[in-house]
Amino acid sequence: MGGDEFYARPKEVAKIFRSARKVGLKLLCHAGETTENKFAIDMIKELKPDRIAHGISIADWLIHEGHKYAIIDTCLTSNLKIGIVKDIKRHPMRKWLENNITFTLSTDDPAIFNTTLNDEYKLAEESFDQFEKYIDNYMNYTIEAAFDKEAAQNILNNDKTEN
């Protein structure tokens, strides 16, 4: 579930999420990008996604809950350009790094935000001292965040044998 979560109807979407989960699909929803803390938390509790896109307004709650709910897909450039984070140094990714919260870096509409995954990694590396720790554990995070963990592991193993 993407887009502006302000217009989401979690109780209605929950039926679709339950059906998708029953057939083995993994689930992602936007939460905490354009809505306040309580609405986003209620949505996460209702939908129980495997991954959360953005999580800005619920950053502290996600730290408190740890890995109980989901992995966070964070999009630094998008968060800055739409103004939900005013200063990269104040992005909650700093707290997630400090608290070992698993997240992925994503581009969130690269054609709109004029970014690449390489740009996102460069921005993170330049902005967060602790990012080196993330890079050291990148393979583990990649597998943990993958919707198809077996396929991700196979790709990573193939990359290792080819290098």
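Only a predicted model underlies this, so the values are computations on that prediction, with no experimental measurement involved.

Some points on helix α7 (residues 117–127)
Now for step 1: Burial in α7 covers these residues: Glu-120, Tyr-121, Leu-123, Ala-124 and Ser-127. What you see down the axis of α7 is that its buried residues fit within an arc of 160 degrees, all on one side. The exposed set on the far side of α7, more than 90 degrees from its buried face, consists of Asn-118, Glu-125 and Glu-126.

Topic: the side chain of Arg-51
Now for step 1: Locating Arg-51 in the fold gives a position in strand β2 (residues 51–54).
Now for step 2: Side-chain polar atoms of Arg-51 contact the side chain of Asp-73, separated by 3.1 Å.
Now for step 3: The residues touching Arg-51, leaving out its near neighbours within four places in the chain, are Leu-27, Leu-28, Cys-29, Ala-70, Ile-71, Asp-73, Ala-145, Ala-146 and Phe-147.

Quick word on the packing of aromatic side chains
Now for step 1: Scanning all chains against the criterion turns up two aromatic pairs.
Now for step 2: Judged by centre distance (6.5 Å) and plane angle (40 degrees), the ring pair of Trp-96 and Phe-103 falls under tilted.
Now for step 3: Owing to a relative accessible area of 0%, Trp-96 belongs among the buried residues under this scheme.
Now for step 4: Since its relative accessible area comes to 1%, Phe-103 is described here as buried.

A word on unusual backbone geometry
Now for step 1: With phi around 85 degrees, His-54 is a residue other than glycine that occupies positive phi space.
Now for step 2: Looking at where His-54 falls in the secondary structure, it is placed in strand β2.
Now for step 3: Look at His-54 and you get buried, because its relative accessible area is 0%.

As for the pairing of strand β1 (residues 28–31)
Successive side chains on a regular strand alternate, one facing one side of the sheet and the next facing the other.
Now for step 1: As defined by bridge partners, β1 adjoins β2 across four bridges and the pair is classed as parallel. In the strand pairing of β2, Ala-31 is matched with His-54.
Now for step 2: As for the winding sense of the linkage, the β-α-β connection from β1 through helix α2 (residues 37–47) to β2 is right-handed.

Comments concerning the sheet that holds β2
Now for step 1: The parallel open sheet is built from four strands, whose spatial order is β1-β2-β3-β4. Both edges of this open sheet fall to β1 and β4 (103–105), since each of them pairs with a single strand only. Each strand of the sheet is rotated relative to its neighbour by a mean of 30 degrees, with strand direction disregarded.
Now for step 2: Against the sheet, α2 touches β1 and β2, its axis set at about 165 degrees to β1.

Describing a negative patch on the surface
Now for step 1: On the surface, Glu-125, Glu-126, Glu-132 and Asp-136 cluster together into a patch of negative charge.
Now for step 2: Mapped by element, the contributors of at least two residues to the negative patch are α7 and α8 (131–136).
Now for step 3: Examined against the element boundaries, Asp-136 turns out to sit in helix α8.

The rules behind these values
- Residues numbered from 1 in each chain as written.
- Predicted model: local features only at pLDDT ≥ 70, side-chain atom pairs only at ≥ 80, totals over all residues.
- Heavy atoms only, no water.
- Buried < 20%, exposed > 50% of the residue type's maximum accessible area, 1.4 Å probe, protein only.
- Helix = DSSP H or I, 4+ residues; strand = E, 2+ residues; numbered from the N terminus.
- Arc of directions from axis to C-beta.
- Polar contact = N/O pair within 3.5 Å; in protein donor to acceptor, adjacent residues only side chain to side chain.
- Contact = heavy atoms within 4.5 Å.
- Phe/Tyr/Trp six-rings, centres within 6.5 Å; stacked < 30°, edge-to-face > 60°.
- Pairing = 2+ DSSP bridges.
- Right-handed = clockwise from strand over helix to strand, strands pointing away.
- Axes fitted to C-alpha atoms, helices over the stretch in contact; angles between N-to-C directions.
- Patch = residues over 30% accessible without salt bridge, like charges linked within 9 Å, V, L, I, M, F, W, Y side chains within 5 Å.
- Areas by Shrake-Rupley, 256 points an atom, 1.4 Å probe, with all protein chains shown as cover.
- Salt bridge = Lys/Arg side-chain N within 4 Å of Asp/Glu carboxyl O.
- Lys, Arg positive; Asp, Glu negative; His and termini not counted.
- Charge placed at Lys NZ, Arg CZ, Asp CG, Glu CD.

Any functional reading would require information beyond the geometric quantities listed.
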